[in-house]
Amino acid sequence: MASQMGLASFFYQKSWDIQFLHGALSFAAYSNEVEGFQHFLQTQDYFFSKEDGFLKDVWEQAFGCVFPNPSENEQIEDLHFFLKRVSFNNSVGDEISFDQNGKLITGLDIDNWVTFPNQSFHRVKVGKLDPWAAEDKMFTIHEEAISWPQIFNQTIPVSVCSKSCLPGYFKKKQKEKPFCCYDCLPCPKEKISSQEDMTDCSKCPEDQYPNKNQDSCILKKVSFLTYEEPLGISLITLALFFSLCTTIVLAIFLKYHHTPIVKANNRNLTYVLLISLLLCFLCSLQFLIAPGNIICLLRQISFGIIFSVAVSSVLAKTITVIMAFMATKPGSRMRNWVGRRLTTSIVLSGFLIQTSICTVWLFTFPPFPEMDTHSEMDGIIMQCNEGSVVMFYCVLGYMGFLAAASFTVAFFSRKLPSSFNEAKCLTFSMLIFCSVWLSFVPSYLSTKGKYMVAVEVFSILASTAGLLVCIYFPKCYIIIFRPERNQKEQLIKRKY
């Protein structure tokens, strides 16, 4: 009801049944209670207030009486010009002013009408409309204080511009419309809203992620590449299979160490290379263990050092092939260089340089375990941070340098006589090795989490298996299945 109903109700309060007004809401000019004003009204008497014509009118309307000698009526509009310029604070501190159209600018109280059987009523303040407050606080109402009409016996009436936004959505105010008019938009991908009519969505803690409806958070699962999952089982199966193959090859060479084909391939260097290949296969198993301080320190360091020994051994074998061929020429001084000293120097140099790089890595910025909470929305990835990325690529770069040197030397020696045809096997093995590690870098950089670890493990297994198969399987075939070719005469026979 409008604010004027407060005065108009006196006309029919005595003669009408006002029960239909029970629970009604009306606006009333905002005001505070003036101390002593109620007592003042109760003690006023019209006969002692002859000059107060307004009080006379109030008494006539309130009590239904008519006084003799009514005063002349005055039109309130005739005062209208001066009202435009009126602006003051009343006795309780409220600002009173009028706009350019002469309308009163003031706050409004929201009153709840409560009627009683004796045709009386009481108005309870349940809210207010404050034009000077912030936009979202201009209108306030206390629903719990409202006494609704008795006919509203099912649900409380709702008057809204927009329906409530469900959990998982947030409110966005519609432009140039009241504050209660808004659109319901879904929360962003990584946020939730757990209550209705949320003005914004909130992020989950780092160890949790939003559920499907985005109205609550779920605890993330910790994951890492493990031997219990299909990918891990496949990699560990390959590692153990090639480890077994390497052990068998080493056993064959130890058993037939006295045969010409074993002697011609520098037995000691062959044993070093086979043992380093075996360790390469086994070191890949470190990547399938839960990352910890020790594991993160050991797995990259051991991988770099062991692989350097293996590739240095291949380089030594390749250089030995060339030196041996040149030493067979009459009057050649290369015979003084062919022997254990040369191969030992090459392998030891490769080992020491890589060990120095790894030592610097450990003392500057070593690898460490970390929890990656951002790569996957529904999981936390437990992984090893490489620490210094520069040092990690220095380790790979030095290993690549050894591999490139081995491939280059083997490539230029591939056309030697057939008695020295091991160079062909070495060339092909290093071609596979270099191809695997050249493709490793972009693959490693384009993957995240446990799949990045899987790429490195696969590269270790593939490159090591390439060396084992290309260098030693042909010799094992001759030793086991073609013993007639394992003769000194066959090895010294030259074919150009």
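Residues numbered from 1 in each chain as written. Predicted model: local features only at pLDDT ≥ 70, side-chain atom pairs only at ≥ 80, totals over all residues. Heavy atoms only, no water.

Quick look at the state of the cysteines
Selection criterion: Note that a disulfide, as used here, is simply two cysteine sulfur atoms within 2.5 Å. Strands here are runs of E lasting at least two residues and helices are runs of H or I lasting at least four, both read from the DSSP assignment and numbered beginning at the N terminus. The classification of residues rests on relative accessible area computed with a 1.4 Å probe and restricted to protein chains. Under 20% of the type maximum is buried, over 50% is exposed, and intermediate values are partly exposed.
If you walk through the whole model with that rule in mind, you get 5 disulfides. Linked covalently through their sulfurs, C187 and C201 form a disulfide whose S-S length is 2.0 Å. Of note, the bridge from C187 to C201 carries an S-S torsion of about -80° and is left-handed in sense. Remark: C201 occurs in the loop between strand 10 (191-192) and strand 11 (202-203) and C187 occurs in the loop between strand 9 (182-186) and strand 10; sequence separation between them is 14 residues. Note on C201: relative accessible area 5%, which makes it buried. One disulfide bridge connects C204 with C217, the sulfur atoms lying 2.0 Å from each other. Note on the C204 and C217 pair: the S-S dihedral is about -90°, so by sign convention the disulfide is left-handed. Of the two residues, C204 is situated in the loop between strand 11 and strand 12 (208-210) and C217 in strand 13 (residues 217-219); the sequence distance between them amounts to 13 residues. C204 gets classed as buried once you look at its relative accessible area, which sits at 13%. By relative accessible area, C217 is classed as partly exposed at 27%. The cystine pairing of the protein, numbering bonded cysteines in sequence order, is 1-3, 2-4, 5-6, 7-8, 9-10.

What about the sheet that holds strand 15 (residues 368-372)?
As a reminder of what qualifies: Strands qualify as paired when DSSP identifies two bridges or more between them. For helices, the fitted axis covers only the stretch in contact; all axes are lines through C-alpha atoms, and the angles between them, taken along N-to-C directions, range from 0 to 180 degrees.
On the basis of which strands lie adjacent, the open sheet formed by 3 strands has the order 14-16-15 and mixed pairing. Two strands bound the open sheet, and with one partner strand each, they are strand 14 (221-223) and strand 15. For this sheet, the mean angle separating the axes of adjacent strands, direction not counted, is 25°. For strand 14 and strand 16 (residues 379-385), the ladder comprises 3 bridges, and the chain directions are parallel. Bridge pairing links V222 to I380 in strand 16.

What about the pattern of salt bridges?
Should the charged atoms of two oppositely charged side chains come close, the side chains can pair. We count it as follows: Should a side-chain nitrogen of Lys or Arg be within 4 Å of a carboxyl oxygen of Asp or Glu, the pair is scored as a salt bridge.
Tallying each qualifying case throughout the model produces 3 salt bridges. Measuring nitrogen to oxygen at the nearest pair gives 3.4 Å for the salt bridge that ties D109 to K125. Pair noted here: D109 is in strand 5 (residues 108-115) and K125 is in strand 6 (residues 121-129), with a separation of 16 residues, a long-range link. Classification of D109 by relative accessible area gives buried; the value is 5%. The shortest N-O distance in the salt bridge between E135 and K173 comes to 3.7 Å. Here E135 is found in the loop between strand 6 and strand 7 (139-141), whereas its partner K173 is found in strand 8 (residues 169-173), with 38 residues between them in sequence.

Points about the packing of helix 7 (residues 267-283) against helix 12 (residues 450-481)
Here is the rule we go by: Oblique is the label for any angle not covered by the other classes, which are roughly parallel (under 35 degrees), roughly antiparallel (over 145) and roughly perpendicular (65 to 115). Crossing handedness follows the turn of the near helix against the far one: under a right angle anticlockwise gives a left-handed crossing, and clockwise gives a right-handed one. By definition, residues are in contact when any of their heavy atoms lie within 4.5 Å. The residue classification treats Ala, Val, Leu, Ile, Met, Phe, Trp, Tyr, Cys and Pro as nonpolar and Asp, Glu, Lys and Arg as charged. All others, Gly included, are polar.
Between helix 7 and helix 12, the shortest axis-to-axis distance is 9 Å and the interhelical angle comes to 150°. What the angle tells us is that helix 7 and helix 12 run roughly antiparallel. Crossing geometry of helix 7 relative to helix 12 is assigned as left-handed. Residues T270, L273, L274, L277, C280 and F281 of helix 7 form the contact with helix 12, whose participating residues are I460, L461, T464, A465, L467, L468, I471 and Y472. Of the residues contributing to the contact of helix 7 with helix 12, the split by class is 12 nonpolar, 2 polar and no charged.

Purely geometric numbers; function is a separate question.
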